[in-house]
Amino acid sequence: MLILIAEDDELILKTVEHKLIKEGHEVILTRNGREAIETLKEKDVDVAITDIMMPFASGIEILSALRSMGKQTPVIMLSSMGQEQVVLNAFDLGASDFIVKPFSPNELMLRIKRFMPK
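Predicted, not measured: the structure shown is a model, and the values here were computed from it.

Focus: the packing of helix 1 (residues 10–22) against helix 5 (residues 105–113)
- Taken N-terminus to C-terminus, the directions of helix 1 and helix 5 make an angle of 55°; their axes are 10 Å apart at the nearest point. Relative to helix 5, the element helix 1 lies oblique. Handedness of the crossing formed by helix 1 with helix 5: right-handed. Contact residues: Thr15, Val16, Lys19 and Leu20 in helix 1; Pro105, Asn106, Leu108, Met109 and Ile112 in helix 5.
- Looking at the contact of helix 1 with helix 5, its residues break down into 6 nonpolar, 2 polar and 1 charged.

Okay, structure coming up:
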């Protein structure tokens, strides 16, 4: 699968990238929201993983932009903000899943598998 990661924390970005590549996935790295939106305009990815708090455009804005393009790409939101209202808002806007930081890369891989073709 081709997976986009939108994350401004370099350690999380590299950890997730390493795990995804080890599991046999192709990865596109973006370090801010604007870069993620531009990439999603040009490429069709199988899954997008995005942090909520991002420079230039939030993960919520990335999600909204993707949906306004008519793309139903599964989006897994990552955030250190696990308050119920933040989580519910993400799901209301079309998020496919939500993971609160800190998280286990193994748990993320398990959640990604839900979106793999059968």
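A look at the environment of Leu29
- Examined against the element boundaries, Leu29 turns out to sit in strand 2 (residues 26–30).
- The spacing of Leu29 and Ile49 is 20 residues in sequence and 9.9 Å in space, taken between C-alpha atoms.
- Setting aside chain neighbours within four positions, we find Leu29 in contact with Ile5, Leu13, Lys14, Glu17 and Glu35.

Points about the pattern of salt bridges
- The final tally for this structure, using the stated rule, is 10 salt bridges.
- Salt-bridge contacts for Lys41 lead to Glu38; the nearest nitrogen and oxygen are separated by 3.2 Å. Taken together, the residues span about one helical turn, with Lys41 and Glu38 both in helix 2 (residues 33–42) at a distance of 3 residues.
- Since its relative accessible area comes to 37%, Glu38 is described here as partly exposed.
- Among the ionic pairs, Arg111 bridges to Asp97, the shortest N-O distance being 2.6 Å. Placement of the pair is Arg111 in helix 5 and Asp97 in strand 5 (residues 97–100), with a sequence separation of 14 residues.
- Assessed through its relative accessible area of 22%, Arg111 is described here as partly exposed.
- Salt bridges here are not isolated pairs; linked through shared partners, they connect Asp97, Glu107, Arg111 and Arg114.

Procedures and definitions
- Residues numbered from 1 in each chain as written.
- Predicted model: local features only at pLDDT ≥ 70, side-chain atom pairs only at ≥ 80, totals over all residues.
- Heavy atoms only, no water.
- Axes fitted to C-alpha atoms, helices over the stretch in contact; angles between N-to-C directions.
- Helix = DSSP H or I, 4+ residues; strand = E, 2+ residues; numbered from the N terminus.
- Parallel < 35°, antiparallel > 145°, perpendicular 65-115°, else oblique.
- Left-handed = near helix turned anticlockwise from the far one by under 90°.
- Contact = heavy atoms within 4.5 Å.
- Nonpolar A, V, L, I, M, F, W, Y, C, P; charged D, E, K, R; others polar.
- Salt bridge = Lys/Arg side-chain N within 4 Å of Asp/Glu carboxyl O.
- Buried < 20%, exposed > 50% of the residue type's maximum accessible area, 1.4 Å probe, protein only.

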